[in-house]
Amino acid sequence: MRKGLTLAGGGLLAVVAAWAAITVLGDDGTGAAAPATASVPATAPITRQDLVDTKSVDGVLTYSGERRLNIAASGTVTWVAAEGTVIRRGRPLLKADRKPVVLMYGRLPLYRELRQGVSDGPDVEQLERNLRALGYGDDLTVDDHFSYATRLAVQEWQDDRGLPETGRVDASQVVFLPSAIRVTDVKVAVGDRIGPGRETFTVSGVRRLVHVDLDTADQALARKGAGVTVELPGGERVAGKITSVGAVAERASSGQGEDGTTTIDVDITLAKAPKTRLDQAPVEVEMESERRKNVLAVPVEALLALREGGFGVEVVEGGSTRVVAVETGAYGGGMVEISGAGLTEGMKVGVPAT
């Protein structure tokens, strides 16, 4: 009775059974047994194809760019964005004494008060660019100079936001971040007193990604730009691409007070938005470990364990069969690469009945 073969890890093959009648190879030096007339349950063709071997690793579905956020405003919290809220340019993160702290886009933090008379700088241009994007300052020239037109635009913006119309902007009114954010954790509540430097939020980007803490022993799997397949909660499978590979190994905790294995950070961008609404969820990532091009391949279950060691396949030709010893190579998609005397594309080999 023919049984299946089990493929494990990075292509390790454990043979659990084979034809009971196969014991030795022929003595003609060809590696083939004498033809027999015994029937086989079913056949499959030898194909020529590319084989991709994969390895599954654990990951987590999350959001990009998580970071802690401190607010420089002082006073009593009278409103705060809820967890899960997406905040875009011009929208408030919270209100202290009913005065909003507003998000604007930019990579440079607001490290000084911006007002008429301040020295020229890229932070001025960053503010002016946001004012124009929000519809303020028709006569404003976006440059690194805080002009009278800039002051008028700031006052108009402050009036609309319920802020004192000072024409000056500081970190108690505006937070600059590179793009829209998603609130993942709120550290304050309405009624709390806050002051400069207090941690108020944990935020992230709005782009979904998969993060993998990859064992350094498997770092060869992580090639920037390589395609992967991600299995999401509920069995949904989505294609992805490796977009970031960490250059620093970190030691992972074993959870028992001792250091565990070392890992590197790997981030994966998904080809489409997942259906799940979970903010975070465990996932499985299939990563390519080996690719072999234009090789002869058969279904894994076509392999036979030979008493002398190694593997063979049972070639079916007309009404007779013969066993040919083979060397195995890569595994992938239920197929295995083979090479052996006289084997060619299109030959039929025996497989278990389905």
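To continue, consider the pattern of salt bridges. For the structure on display, the rule yields 16 salt bridges. Across the salt bridge formed by Arg198 and Asp192, the nearest N and O atoms sit 3.9 Å from each other. With a relative accessible area of 30%, Arg198 lands in the partly exposed category. On the basis of relative accessible area, Asp192 is assigned to the partly exposed category, the value being 25%. The network of salt bridges with shared partners includes Arg68, Asp185, Lys187 and Glu199.

As defined by bridge partners, strand β4 (residues 47-63) adjoins strand β19 (residues 281-299) across 14 bridges and the pair is classed as antiparallel. The residue of β19 that forms the bridge with Val60 is Pro282. For β19 and strand β23 (residues 335-339), the ladder comprises three bridges, and the chain directions are antiparallel. Residue Ala297 lies in a different strand from β23, and its bridge partner there is Glu337.

So, about helix α1 (residues 122-133). The terminal C-alpha atoms of α1, which comprises 12 residues, lie 17 Å apart, in line with the 16 Å expected from a rise of 1.5 Å per residue. Of all the positions in α1, only Asp123, Val124, Gln126, Leu127, Glu128, Asn130 and Leu131 are classed as buried. Buried residues in α1 make contact with β9 (99-105), α2 (148-161) and β10 (174-177). Of the residues one or two after α1, Gly135 is the one with positive phi, at around 95°.

Summary: where empty space remains is shown by rolling a probe the size of a single water molecule over the atoms. Quantified by volume, the largest pocket comes out at close to 240 Å³. Contributing to the lining of the largest pocket are 16 residues, with Asn70, Pro109, Leu110, Val175 and Phe176 lying nearest its centre. Every element with two or more residues in the lining of the largest pocket is listed here: β5 (67-71) and β10.

Thresholds, definitions, all that
- Residues numbered from 1 in each chain as written.
- Predicted model: local features only at pLDDT ≥ 70, side-chain atom pairs only at ≥ 80, totals over all residues.
- Heavy atoms only, no water.
- Salt bridge = Lys/Arg side-chain N within 4 Å of Asp/Glu carboxyl O.
- Buried < 20%, exposed > 50% of the residue type's maximum accessible area, 1.4 Å probe, protein only.
- Pairing = 2+ DSSP bridges.
- Helix = DSSP H or I, 4+ residues; strand = E, 2+ residues; numbered from the N terminus.
- Expected span 1.5 Å × (residues − 1).
- Contact = heavy atoms within 4.5 Å.
- 1 Å grid on protein atoms, 1.4 Å probe; cavity = no way out; pocket = protein on both sides within 12 Å on 5 of 7 lines; lining within 4 Å.
- Points joined across faces, edges and corners; volume = space filled by probe spheres on them.

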